Amino acid sequence: MTKYYHITTYGCQMNVHESEKIAGILSELGYTACDDIEQSDIAVFNTCCIRENAENHAFGNIGMLKKLKAKKRDMIIAVGGCLTQQMGKADDLHTKFPYVDIIFGTHNLGDLKNLILKKRGQKRAVIEIAESEGEICEGENPLRTSFPNAWINITYGCNNFCSYCIVPYVRGRERSRRSENIIKEAEELIEQGYKEITLLGQNVNSYANGTDDLSFPELLKKIAAIDGKFRLRFMTSHPKDFSEELAKVIAENRKICRLVHLPVQSGSDSVLRAMNRKYTSADYLKKLEILKKYVPDCAVTTDLIVGFPNESEEDFAATLNLVKKAEFASAFTFVYSKREGTVAARMEGQIPEDISKSRIMRLVEAVNAQTREQTARYVGKTVEVLCEDYDAKREKYLGRDEYGRMAYFASEKNVIGEFVNVKISGANGVSLKGEIVKG
Ligand code: SAH
Ligand code: SF4
Ligand code: F3S
């Protein structure tokens, strides 16, 4: 009888890719993917704890499985990811949800197969949370689910300890994979027909720092030199490590997309200092200037936080001002969320919710107005789009141009995984619509 698995993923791209690795492990154990959690024989929750709402979301969904598990006693429920790695959270989970069978930490993913086998042989829950990171696991076999895009980890963990952020605590110290392994993985993916490779790390610019391996720009250059038509992306870049050499490499290699995600977090120097970001707003704008000197058409996206402890109305105004100056193509905007164990959680001057709410609304409005304006400039232009999917509701194919703009278009034949030229006829907030034209 076929056995089914279902994975629920929260959080960042890194987690999305890690769920592909979990899927690889489950399929090796003989499970088949299914969309309906109620049909599954094993349900895995790959959690995130970057903000309180990510955490609550996971807790809520795990709680909802209580009834199902009471009916389906043989079903295995496993919870992994960043939430479980947070101090004390594995025990919390176990106490709150005693019907969860397996709880595994971020450093225990490579061992998931054994944990499942172990659970099959015992009644008790299996709880494994390794405290430290251990060796990088090579030879993983992810079951990729986002053709024609493929993700490749280049670094794990983070050493930056931005004062608000939980990631260094739950993902451990920064480790870089050897470049030869990364390049080999990229070659294989391109050989298999993948058309877009995204290199993943919390701070890709510090790749292999302090080792004898290639620098990040050198690594990009090597991957861009692989034969075949494909796009190369990377995320995330920390502004403090963004270099002129990297800007040059982007300019000189057409396969590298003209889009850099460069989270600034705030436009206020005192807030940036308290966040431990190690740059000022002037430093940030200078980096953008260098980037634009080599790659004038490069789109820049960012992350912004409002309501960091002691953020004044003036600090917030500085963020709005920076948004204008930097001309971001788009931005992810967040209300600061207090994370237990971080330096900022111990700061005085936490901002009341109503003030944060008012700031986030004003910020979102400013960012959206800018995005809309930039999107509207596309009308009449023809852009090369990599088709990623079909939207059955809209009856349109969709894909992105190299600057990351989503475009919808009709096509008689299936063009998923192909590069097509799309003449843009309309813009709708963040996305574009158009018709395929011969290139
Ligand atoms: N390594 C990446 C970001 C990882 S987290 C980088 O440094 O850019 C993604 C984003 O979540 C961050 O850029 C930040 O804007 C946001 N974030 C992180 N911790 C947060 C917190 N405690 N509250 C609100 N937003 C947070
Ligand atoms: Fe968090 Fe800062 Fe590391 Fe990004 S660079 S993961 S924001 S500590
Ligand atoms: Fe990613 Fe959330 Fe962990 S953003 S690294 S899954 S805390």
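Here the residue numbers are simple positions, counted from 1 along each chain's written sequence. In the order they appear in the text, chains get letters beginning with A and ligands get numbers beginning with 1. Per-residue local features of the predicted model are confined to residues with pLDDT of at least 70, and side-chain atom pairs are confined, for both listing and counting, to 80 or more; whole-chain, interface and lining totals are unaffected and use all residues. Hydrogens are left out, water is left out, and the side-chain values use all remaining heavy atoms of the structure.

**So, the site of ligand 1**
And step 1. Proximity criterion: a residue is near a molecule or strand once any of its heavy atoms comes within 4 Å of it. Near ligand 1 lie 15 residues; those nearest to it are Gln202, Pro263, Gln265, Asp303 and Ser337.
And step 2. Throughout this description, a polar contact denotes any pair of N or O atoms lying within 3.5 Å of each other; where both atoms belong to protein, one of them has to be capable of donating a hydrogen while the other can accept it, and for residues adjacent in sequence the pair is counted only when both atoms sit in side chains. Within the side chain of Arg51, a nitrogen or oxygen atom sits 3.1 Å from an oxygen atom of ligand 1.
And step 3. At 2.8 Å, a backbone N or O of Ser337 approaches a nitrogen atom of ligand 1.
And step 4. In isolation ligand 1 exposes 540 Å². Once the protein is present, 90% of that is buried.
And step 5. Secondary structure is summarised from DSSP: a helix means a run of H or I of at least four residues, a strand means a run of E of at least two, and numbering begins at the N terminus for each. Contributions of two or more residues to the shell around ligand 1 are made by strand E13 (299-306) and strand E14 (330-335).
And step 6. Taken together, the residues of the shell around ligand 1 sort by class into seven nonpolar, four polar and four charged. Residue-level accessible areas treat just the shown protein chains as cover; the underlying method is Shrake-Rupley with a 1.4 Å probe. Gly falls in the polar group here, along with every residue not listed as nonpolar (Ala, Val, Leu, Ile, Met, Phe, Trp, Tyr, Cys, Pro) or charged (Asp, Glu, Lys, Arg).

**Details of the packing of aromatic side chains**
And step 1. Pairing of aromatic rings covers Phe, Tyr and the six-membered ring of Trp, with a centre-to-centre limit of 6.5 Å; geometry is then stacked below 30 degrees between planes, edge-to-face above 60, and tilted otherwise. Within this structure, the stated rule accounts for 10 aromatic pairs.
And step 2. For the ring pair Phe161 and Tyr169, a centre distance of 5.4 Å and an interplane angle of 85 degrees mean the geometry is edge-to-face.
And step 3. Accessibility expressed as a relative area gives 31% for Phe161, which makes it partly exposed.
And step 4. Members of the aromatic cluster, joined through ring pairs, are Phe59, Phe97 and Tyr99.
And step 5. Only Lys NZ and Arg CZ are tested; either one counts as a charge over a ring when it is within 6 Å of the ring centre and within 35 degrees of the ring normal. Taking NZ or CZ as reference, Arg51 lies 3.7 Å from the ring centre of Phe334, over its face. Each residue is placed in one exposure class: buried if its accessible area under a 1.4 Å probe, protein chains only, is under 20% of its type's maximum, exposed if it is over 50%, and partly exposed if it falls in between.

**Some points on the pattern of salt bridges**
And step 1. By convention in these notes, a salt bridge is any Lys or Arg side-chain nitrogen within 4 Å of a carboxyl oxygen on Asp or Glu. For the structure shown, the criterion picks out 30 salt bridges.
And step 2. One salt bridge in this structure joins Glu196 and Arg400, with 3.2 Å as the shortest N-O distance. With a gap of 204 residues between them, Glu196 in strand E10 (residues 196-200) and Arg400 in strand E16 (residues 396-400) connect regions that are remote in the sequence. Per residue, the accessibility class of Glu196 equals that of Arg400, and both read buried.
And step 3. The salt bridge involving Arg254 is made with Glu402; its shortest N-O contact spans 2.9 Å. In this pair, Arg254 is assigned in the loop between helix H10 (244-252) and strand E12 (259-261) and Glu402 in the loop between E16 and strand E17 (406-410), connecting sequence segments 148 residues apart.
And step 4. The exposure class of Arg254 is exposed, given its relative accessible area of 52%.
And step 5. On the accessibility criterion, Glu402 (14% relative accessible area) is buried.

**Quick notes on the pairing of strand E7 (residues 149-153)**
And step 1. Among the five residues that make up E7, five are buried, leaving the element largely enclosed by the rest of the structure.
And step 2. Both faces of E7 are covered, namely the face carrying Asn149, Trp151 and Asn153 and the face carrying Ala150 and Ile152.
And step 3. Bridge analysis of E7 against E10 gives five bridges, and the strand direction is parallel. When the bridges of E10 are listed, Asn149 appears paired with Glu196. Following DSSP output, two strands are said to pair if at least two bridges run between them.

**Re the pairing of E10**
And step 1. Taking burial as the measure, the five residues of E10 include five buried ones, the bulk of the element.
And step 2. The alternating pattern of E10 places Glu196, Thr198 and Leu200 and Ile197 and Leu199 on opposite faces, both of which are buried.
And step 3. Here E10 runs beside strand E11 (residues 231-235); their pairing, made up of five bridges, is parallel. Directly across from Ile197, in E11, lies its bridge partner Leu232.
And step 4. If the strands point away from the viewer and the path from the first strand over the helix to the second runs clockwise, then the crossover is right-handed. Remark: the E10/helix H9 (residues 216-224)/E11 crossover connection has right-handed handedness.

**Some words on the sheet that holds E17**
The strands making up a sheet associate through hydrogen bonds between their backbones, and the pairing can be parallel or antiparallel.
And step 1. With mixed pairing, the five strands of this closed barrel are ordered in space as E15-E16-E17-E19-E18. Sheet twist, expressed as the average angle between the axes of neighbouring strands with direction ignored, equals 50 degrees.
And step 2. Direction of pairing for strand E15 (residues 382-391) relative to E16: antiparallel, over a ladder of five bridges. Bridged to Cys387 within E16 is Gly399. To define axes, lines are fitted to C-alpha atoms, for helices over the stretch in contact only, and angles between the resulting N-to-C directions are given on a 0 to 180 degree scale.

**Quick word on the side chain of Thr155**
And step 1. Mapped onto the secondary structure, Thr155 falls in strand E8 (residues 155-156).
And step 2. Excluding anything up to four places from it in sequence, Thr155 contacts Glu174, Arg175, Ser176, Leu200, Gly201, Gln202 and Tyr207. Between two residues, a contact is recorded if the distance between any of their heavy atoms is within 4.5 Å.

**Overview of the sheet that holds strand E5 (residues 102-104)**
And step 1. Pairing in this open sheet of six strands is parallel, and the strands run E2-E1-E3-E4-E5-E6 from one edge to the other. Both edges of this open sheet fall to strand E2 (31-33) and strand E6 (126-128), since each of them pairs with a single strand only. Neighbouring strand axes in the sheet, compared pairwise and without regard to direction, differ in orientation by 20 degrees on average.
And step 2. Of the pairings in the sheet, the one linking strand E4 (residues 76-81) to E5 comprises two bridges and is parallel in character. Each bridged residue has a counterpart across the sheet, and for Ala78 the counterpart in E5 is Ile102.
And step 3. Set on the sheet, helix H1 (residues 13-28) makes contact with strand E1 (3-9), E2, strand E3 (42-47) and E5; between it and E1 the angle comes to about 170 degrees.

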